[in-house]
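Structural overview
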Amino acid sequence: MAAEQAGLATEITMPKQRMLTGITTTGTPHLGNYVGAIKPAVAASHQDQYESFYFLADYHALIKCHDPEEIHRSTLEIAASWLALGLDAERAVFYRQSDIPEIPELAWLLNCMSAKGLMNRAHAYKAAVHENEAAGEDADFGITMGLFSYPVLMAADILLFNADKVPVGRDQIQHVEMARDIGQRFNHHFGGHFVLPEAVVDDDVAVLQGLDGRKMSKSYGNTIPLFLSEKQLKKHINKIKTNLLEPGEPKDPESSAVFQIWQAFASAEQTAEMRAAFADGIAWGEAKKRLFELVDAELAPARDRYQALLEAPEEVESTLQDGARRARDYSRPMIERLRDAVGIRPLV
Ligand code: TRP
């Protein structure tokens, strides 16, 4: 009997955890995006215990970018980056948000279940209001309904696919919690339709410093783009801000962007070596030269694939279309069920 039970237990496979995350399609991917998001997501796409959903959040991009060429270009660049870096697009479902009409449809259903007061507390919106107040403007100056209801659209992205885990940066935790709140309210009123998602923040992945030592971010204009020519990569690395310590003078690794980026790409052994070199007073020029070599070695193979994909947008498009078909295999029945739940259904 016990043996039979044991046999049965091995037959039952654990349901896979569903991971889902979105990438806003503005700008060109940089080293910080790579280390913080792309690399771990690509690794997860190869793991059997997860079912990964990754999508290009182009509706979210419209919130902060009104330049059609940039949205279009960035969508290609980001998709090509993920594919060039080895995303397993057969195993993971890789799609573009705007190819899934069920997302905006659900966003409306959720808008009707989301407290305005909850949205008032969203960080991105509050920051915009504070900036206006500091500048002596009207509190609502320049604030669109897109920005205000951003967390509702994000909740739709997540809840539509019943994601268990949502890997995000710290700044997005609040949005995932709002998705939980909204999902819970919907479930409470209309029945248990949604899995309540959890944010996953990896404390081990580095938040890279940029050229000026602040967090590497498009909004600070201090980034090192991910796919540069060798020459350009070298140039950017040479621009990383350092202090005036001479060769031979010991340098502090912890406060150095050069060391920190090194650490994000290096093995534990290489990191220990560089730490020792800092203590020995390695020249900044030499440290940067080694950093270039390390980063270049990791990115060079993907760089060629990336260029090839940029020149073959039809290939990227067809991968995204395939992803959309697979995503809609989930989202279509789900939206049918939700429409029915709220009372939007055929008369007979
Ligand atoms: N708002 C996220 C960001 O700026 C991107 C995003 C959109 C997202 N929809 C999502 C992330 C759903 C996780 C889940 O980083």
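Side note on the side chain of H193
The topology assignment puts H193 in the loop between α10 (173-190) and β5 (198-200). Assessed through its relative accessible area of 12%, H193 is described here as buried. Polar side-chain contacts of H193 include one of 2.9 Å to the side chain of R337. The residues touching H193, leaving out its near neighbours within four places in the chain, are N162, F186, N187, M334, R337, L338 and A341.

Let's talk about the environment of A156
Tracing the backbone shows A156 in helix α9 (residues 150-160). Since its relative accessible area comes to 0%, A156 is described here as buried. Sequence separation between A156 and L294 is 138 residues, and the spatial gap between their C-alpha atoms is 40 Å. Not counting residues up to four positions away in its chain, the partners in contact with A156 are I103, L106, A107 and L110.

Digging into the domain arrangement of the protein
Here the protein is described as being made up of domain 1 (2-114 + 149-206 + 312-342) and domain 2 (227-309). The gap between the C-alpha centroids of domain 1 and domain 2 is 33 Å. Tallying the contact residues gives 16 residues for domain 1 and twelve residues for domain 2. Carbon and sulfur atoms make up 66% of the area that domain 1 and domain 2 hide from each other, which totals about 1,200 Å². Interface area lost by domain 1 to domain 2 is led by L31, Y34 and A84, which between them contribute 38%.

Describing the pattern of salt bridges
Following the criterion strictly, the structure yields 20 salt bridges and no others. When the shortest N-O distance is used, the salt bridge between R96 and E317 registers 2.7 Å. Of this pair, R96 sits in strand β3 (residues 93-96) while E317 sits in helix α15 (residues 313-342); the two residues are 221 residues apart in sequence, bridging distant segments of the chain. A salt bridge links R326 to D322; its shortest N-O distance comes to 3.7 Å. Taken together, the residues R326 and D322, both in helix α15 and four residues apart, mark about one turn of the helix. Judged by relative accessible area, R326 falls into the partly exposed class, the value being 22%. What makes D322 partly exposed here is its relative accessible area of 31%. Among the charged side chains, a salt-bridge network with shared partners connects K16, D48, D88 and R91.

What counts and what doesn't
- Residues numbered from 1 in each chain as written.
- Predicted model: local features only at pLDDT ≥ 70, side-chain atom pairs only at ≥ 80, totals over all residues.
- Heavy atoms only, no water.
- Helix = DSSP H or I, 4+ residues; strand = E, 2+ residues; numbered from the N terminus.
- Buried < 20%, exposed > 50% of the residue type's maximum accessible area, 1.4 Å probe, protein only.
- Polar contact = N/O pair within 3.5 Å; in protein donor to acceptor, adjacent residues only side chain to side chain.
- Contact = heavy atoms within 4.5 Å.
- Domains from an automatic or database assignment.
- Buried area = accessible area lost by both parts, 1.4 Å probe.
- Salt bridge = Lys/Arg side-chain N within 4 Å of Asp/Glu carboxyl O.

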